[in-house]
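# Coordinate inspection notes
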Amino acid sequence: MKKLNLKDVSQYVEQNIGTFHQKRIQSLDGLKLTQVLKRKNPYLFKAKYVLTAEQIIRGIVDAHISSNEETIFGDWLEGLAIFINGKVYGGYKSGITGIDLEFDNNGARNIVTIKSGPNWGNSSQIAKMVADFKTAKKTLRTSNSQLNVVAVNGCCYGRDNNPDKGDYFKYCGQSFWAFISGDTE
């Protein structure tokens, strides 16, 4: 384990934050009213007492921006987490389906799925993540049957006071950043 140099992190942020903003603009440039209207429930507009075209358009654009920013920023945070872990533990973007980060620490291979926050999915999405963890463990153990593999759902923000989920651990917010960086601060 190497000590994290915060200047490296600052440099990474400076060099890569522009990508987040570019993707936000590209998303708006590609927004087509006819496509968005096909995905919207017209009864919801009536129930919310949305009556004018301006209110409908403002609501659609605001919802699109909010949803899209969450996704784009989540991808950006994932890149930051992988960068930080790479500097400290030599971690890397995994090539295994459903796994974002792999790194070795304390005699274990950690496989990590990175999400923005703790409430990222429904029960079927969580079941898919658990299935991906099981498949990844089998894949990694085919080359080394003695390999101790630890599955982790890492969340960039939020809290979860019960990290042991049985099949995996869930670290959120400061616990996640401490886990991948080796630095509690």
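Computed from a predicted structure; not experimentally measured.

### Observations regarding the nonpolar core
Soluble globular proteins tend to bury their nonpolar side chains together. With 22 residues, the main nonpolar core has Leu80, Leu101, Val112, Ile114 and Phe176 as its most contacted residues. Of all the secondary-structure elements, those providing two or more residues to this core are α1 (6-29), α4 (53-89), β2 (101-105), β3 (108-115) and α6 (174-181). Top contributing element to this core by residue count: α4, with nine residues.

### Considering the sheet that holds strand β1 (residues 92-93)
Here five strands make up an open sheet; going across it, the order is β1-β2-β3-β4-β5 and the pairing mixed. Among the strands making up the open sheet, the edge pair consists of β1 and β5 (169-172). Where helix α5 (residues 123-143) meets the sheet, it contacts β2, β3 and β4 (149-155), and its direction lies at approximately 145 degrees from that of β4. Strand contacts of α6: β2, β3, β4 and β5, with the helix running at about 105 degrees to β5, the strand carrying the most contacts.

### Notes on α6
Buried within α6 are the following residues: Phe176, Phe179, Ile180 and Ser181. At its buried positions, α6 is contacted by α4, β2, β3, β4 and β5. Following α6 by one or two positions, Gly182 adopts a phi angle in the positive range, close to 70 degrees.

Criteria and thresholds
Residues numbered from 1 in each chain as written. Predicted model: local features only at pLDDT ≥ 70, side-chain atom pairs only at ≥ 80, totals over all residues. Heavy atoms only, no water. Core = buried A, V, L, I, M, F, W, Y, C linked by side-chain atoms within 4.5 Å. Buried < 20%, exposed > 50% of the residue type's maximum accessible area, 1.4 Å probe, protein only. Helix = DSSP H or I, 4+ residues; strand = E, 2+ residues; numbered from the N terminus. Pairing = 2+ DSSP bridges. Contact = heavy atoms within 4.5 Å. Axes fitted to C-alpha atoms, helices over the stretch in contact; angles between N-to-C directions.

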